[in-house]
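Architecture at a glance
Here is what each chain is made of, one letter per residue.
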Amino acid sequence: MSNVSVISGKSSEELAKKLSKRIKANLIKSTIRVFPDGESKITLSGKISKKKSIVVQSIYPPVDSNLIQALSLISKAKEISSEVIAVIPYLGYARQDREFLSGEIVTMKVLAKLFKGVGASKIIAVDIHSVIGLKHFTIKSKNVTAIPDLVKYFKKLNLKDPVVVSPDQGGKDRAQEFAKEFGSEFIALEKKRDRKTGKVQIKTKNADEVMGRDLILVDDMISTGGSIINATQFLKKQKCKQVYVACTHALLMNNAEKKIKNAGVTKIVSTNTIPGKTSMVDVSNTISKAIM
Ligand code: R5P
């Protein structure tokens, strides 16, 4: 794409570089200077296209800093480009997409106003927690899925007849999509929460299907690892073989990777929407198709 700039935010440097190569756009890097009070100053190097800019910046921790950097980059891009696309591979705050309890602020609504306000004309996210989040945007919005990319990786592992498992009913469709693409069976676990103690218990009727088989637990994201650990402990009790985890966004907060491995998971595979030790799957091709 001639005459297009890909502006790389600090949180998505590698992905922005890959994307710019794929779509043959000019890459503009940013440098950040963080002051002792926590404010950051962003400097861009390179000439921004007058025609179109694509800002790439995931909103993972530090969430609010990465958010303000994304908004600042879009704002600067809009001073020069007539069209600015915001690629936010991991869209933080997406879990705050509705008022679960009275008085709660729907932060996704706030983000929608902010992205529009600074000049984005379209937002692209990868495996947003729920598409309800994008309904708050009045600019164009698109959610792309990394499931085919994850499946491609798992096909190379040559697992023997694995079962795909969703750790809860909420992730059923995602796991089903993975299983369909992979060509395997799938089940979705049922979580029950004790309203008094808050303790989560897994109750699943058809869990005997997992006995003696390798499993792939599929989820959109891992934060503390609680959901994956609970599911793994339950599945191990059902005498499954190895447990693999496929997720799009691996936040892995509070030593989650170690805790997940200690629970018996063989391998965690995630995408480069959040760079890290487990992010082996590249989503730049999937994102590039949404931009074209
Ligand atoms: C839940 O609805 C999500 O799909 C994830 O399962 C959840 O957000 C992961 O969080 P954690 O790793 O803290 O259990």
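Residues numbered from 1 in each chain as written. Predicted model: local features only at pLDDT ≥ 70, side-chain atom pairs only at ≥ 80, totals over all residues. Heavy atoms only, no water.

As for the site of the ligand
With respect to spatial proximity, the complete set of residues near the ligand consists of Arg95, His129, Asp219, Asp220, Met221, Ile222, Ser223, Thr224, Gly225, Gly226 and Ser227. Ser227 places a polar side-chain atom, nitrogen or oxygen, 2.6 Å from an oxygen atom of the ligand. A total of 380 Å² of accessible area belongs to the ligand in isolation, and the protein chains cover 80% of it. Contributions of two or more residues to the shell around the ligand are made by β12 (215-222) and α6 (226-237). Considering every element that reaches the shell around the ligand, the biggest residue donor is β12, with four residues. Of the residues that constitute the shell around the ligand, the class distribution is two nonpolar, six polar and three charged. (Near = heavy atom within 4 Å. Polar contact = N/O pair within 3.5 Å; in protein donor to acceptor, adjacent residues only side chain to side chain. Areas by Shrake-Rupley, 256 points an atom, 1.4 Å probe, with all protein chains shown as cover. Helix = DSSP H or I, 4+ residues; strand = E, 2+ residues; numbered from the N terminus. Nonpolar A, V, L, I, M, F, W, Y, C, P; charged D, E, K, R; others polar.)

Some words on the sheet that holds strand β6 (residues 122-126)
If you trace the seven strands from one edge of the open sheet to the other, you get β3-β2-β1-β4-β5-β6-β7, paired in mixed fashion. Because the sheet does not close on itself, it has two edges, and the strands there are β3 (40-45) and β7 (140-144). Across the sheet, the axes of successive neighbouring strands diverge by a mean angle of 20°, strand direction being ignored. Summarising the sheet, strand β1 (residues 4-8) and strand β2 (residues 26-34) pair through four bridges and their orientation is parallel. Paired with Ser8 across the bridge in β2 is Lys29. Against the sheet, helix α8 (residues 284-291) makes contact with β4 (52-56), β5 (83-88), β6 and β7, and its axis sits at roughly 155° relative to β6, the strand it touches most. (Pairing = 2+ DSSP bridges. Axes fitted to C-alpha atoms, helices over the stretch in contact; angles between N-to-C directions. Contact = heavy atoms within 4.5 Å.)

Section: the packing of helix α2 (residues 63-80) against helix α3 (residues 107-118)
Between α2 and α3, the least distance of the axes is 8 Å, while the angle of their chain directions is 25°. The angle between α2 and α3 places the two elements in the roughly parallel class. Taking contact as the criterion, the partners of Leu67, Leu71, Ile74, Ser75 and Lys78 in α2 are, on α3, Leu111, Leu114, Phe115 and Val118. Its residues assigned to classes, the contact of α2 with α3 comprises seven nonpolar, one polar and one charged. (Parallel < 35°, antiparallel > 145°, perpendicular 65-115°, else oblique.)

Digging into the pattern of salt bridges
Following the criterion strictly, the structure yields twelve salt bridges and no others. Put simply, Arg213 and Glu185 hold a salt bridge, and the shortest N to O gap is 3.4 Å. Residue Arg213 is located in the loop between β11 (200-202) and β12, and its partner Glu185 is located in strand β9 (residues 185-188); the two are separated by 28 residues in the primary sequence. For Arg213, a relative accessible area of 16% puts it in the buried group. Residue class for Glu185 comes out partly exposed when judged on its relative accessible area of 39%. With its nearest N and O atoms 3.5 Å apart, the salt bridge here joins Lys261 to Glu257. Of this pair, Lys261 and Glu257 are both found in helix α7 (residues 256-262), four residues apart, which corresponds to roughly one turn of the helix. Taking relative accessible area as the criterion, Lys261 reaches 35% and is therefore assigned partly exposed. Each member of the salt-bridge network shares a partner with another, and the members are Asp161, Glu185 and Arg213. (Salt bridge = Lys/Arg side-chain N within 4 Å of Asp/Glu carboxyl O. Buried < 20%, exposed > 50% of the residue type's maximum accessible area, 1.4 Å probe, protein only.)

Some details on the sheet that holds strand β14 (residues 265-271)
Ordered in space as β9-β8-β12-β13-β14-β15, the six strands form an open sheet in which the pairing is parallel. Two strands close off the open sheet at either side, each with one partner strand: β9 and β15 (279-281). With direction set aside, neighbouring strand axes in the sheet form an average angle of 35°. Two elements, β12 and strand β13 (residues 243-250), share seven bridges in a ladder whose sense is parallel.

Here we look at α8
Judged by how many residues are buried, α8 sits mostly within the fold: six of eight residues are covered. Those residues of α8 that fall on the buried side of the exposure criterion are Ser284, Thr286, Ile287, Ser288, Ala290 and Ile291. Those residues of α8 hidden inside the fold are in contact with α1 (13-22), β4, β5, β6, β7 and α4 (147-156).

A look at the packing of aromatic side chains
Taken as a whole, this structure holds five aromatic pairs when the rule is applied. With a centroid separation of 6.3 Å and an interplanar angle of 50°, the aromatic rings of Phe115 and Phe137 are classed as tilted. Residue Phe115 is found in helix α3, and its partner Phe137 is found in the loop between β6 and β7; the two are separated by 22 residues along the sequence. The residues Phe115 and Phe137 share a single accessibility class, namely buried. Centre to centre, the rings of Tyr153 and Phe154 are 6.1 Å apart; their planes meet at 70°, and the pair counts as edge-to-face. Phe154 carries the same exposure label as Tyr153, and that label is buried. Grouping aromatic residues by their ring pairs yields a cluster made of Tyr153, Phe154, Phe178, Phe182 and Tyr244. (Phe/Tyr/Trp six-rings, centres within 6.5 Å; stacked < 30°, edge-to-face > 60°.)

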